Amino acid sequence: MTALVHTRAELQPFLEGFANRKRGVVMTMGALHEGHLELFKRARHDCDLVVVTIFVNPLQFGPNEDFDRYPRTLDDDLKLCAEAGVDVVYAPAVEEVYPGGQPIVRVTPGAMGEVLEGEFRPGFFTGVLTIVNKLLNLTDPDVAFFGQKDAQQLALVRRMVLDLNMPIEIVSVPTVRDEDGLAKSSRNRYLSPEERTTALALSRALFAGQEKATEGADAVRDAATAVLKAAVATGRLDLDYLALVDPRDFSEAPPTFSGETVLAVAARVGTTRLIDNLPLTLTTHGAR
Ligand code: PAF
């Protein structure tokens, strides 16, 4: 059975009960789907206590973003957590997480948080790192699990625990996709059937890029761009960015780059903004 708690005081006995055992946390904003389920399963496999947080964090939404309409589906979320064997769901109120109101002290990401998502969503990663830091303090885990789907968030969280000497292991879990390739996302539920078809351009672009991984960075970018250009030409998709980056700092991979990269894309379909990415290993120096 999954317990539901709303306060740190209610969570405390669970943390004490597993004081000398492995405690894991999966942070979410609710509206749970199969992507989250994979995170829960991995946490269940690796840890003795699995805590899932559900908190729609106002600090990471811009003024014109979807904070108010973000899906809140606690009853369904609890069922999914129970199926996955989650021990505790911690769903705090805004007042508990932000006891001083708008926080004066925040965790800022630096240059790596100002590109890609950071450029299109100013302040987003400050909001994310601040809440992740808070939820790590509140849930006190040994391990925290994050999805590869939010690749830049994952990379920044890894840097935060490294740079701030936080004794927490960060484990990443691969993106889960529908059969046709669309990455699972809480925001997919905003899409009409036609928009969902248009949205497939994101994953198709990534897979087209993947096919060129042995031909160098420019070939990867060109192949992905060709798919996205065709989608933009229909007038149904607006591209924010396509980038092939070094996952250590999210700088653009130069044409001669070989090794681990992330091919990342963000686009708007109707009023819904979607992101996706694929980790790619470039195996050539790509001279063309
Ligand atoms: O990835 C998310 O759902 C959120 O950014 C997170 C990590 C739960 C912080 O609010």
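Now for a description of the structure that goes with this document. Values in this document were obtained by computation on a predicted structure and should not be read as measured data.

### Re the sheet that holds strand β6 (residues 169-173)
Point 1. One open sheet holds the six strands; their spatial order is β1-β4-β3-β2-β5-β6, and the pairing between them is parallel. Pairing within the sheet leaves two strands with one partner each, and these edge strands are β1 (3-5) and β6. The average angle at which neighbouring strand axes cross in this sheet is 25°, direction not considered.
Point 2. Bridge analysis of strand β2 (residues 23-28) against strand β5 (residues 143-147) gives three bridges, and the strand direction is parallel. The residue of β5 that forms the bridge with V25 is A144.
Point 3. Together, β2, β3 (49-54), β5 and β6 form the strand contacts of helix α2 (residues 34-46), whose direction differs from that of β5 by roughly 155°.

### A word on the packing of helix α8 (residues 193-210) against helix α9 (residues 217-233)
Point 1. Two numbers describe how α8 lies on α9: the axes approach to 7 Å, and their chain directions differ by 155°. It follows from the interaxial angle that α8 and α9 lie roughly antiparallel. When the axes of α8 and α9 are compared, the crossing they make is right-handed. On the side of α8, the interface is formed by A201, L202, R204, A205, A208 and G209, while α9 contributes V220, A223, A224, V227, L228 and A231.
Point 2. Its residues placed into classes, the contact of α8 with α9 shows ten nonpolar, one polar and one charged.

Cut-offs used in this document
- Counting from 1, residues in each chain are numbered in the order their sequence is written.
- With pLDDT at 70 or above as the cut-off, local features in this predicted model cover only qualifying residues; side-chain atom pairs require 80 or more to be listed or tallied, and sums for whole chains, interfaces and linings still use all residues.
- To get the side-chain values, all heavy atoms of the structure are used, and hydrogens and water are removed first.
- Strand pairing is defined by DSSP finding a minimum of two bridges between the two strands.
- Each helix is a run of DSSP H or I of at least 4 residues and each strand a run of E of at least 2, with the numbering of both proceeding from the N terminus.
- Fitting a line to C-alpha atoms yields each axis, with helices limited to the stretch in contact; the angle taken between N-to-C directions then spans 0 to 180 degrees.
- In what follows, residue pairs with any heavy atoms lying within 4.5 Å of each other are defined as contacts.
- The scheme is simple: roughly parallel for angles under 35 degrees, roughly antiparallel for over 145, roughly perpendicular for 65 to 115, oblique for anything else.
- Handedness of a helix crossing follows the sense of rotation of the near helix relative to the far helix, less than a right angle counterclockwise being left-handed and clockwise being right-handed.
- Only Asp, Glu, Lys and Arg are considered charged in this grouping, and only Ala, Val, Leu, Ile, Met, Phe, Trp, Tyr, Cys and Pro are considered nonpolar; every other residue, Gly among them, is considered polar.

Scope: geometric values only; no functional claims are made or implied.
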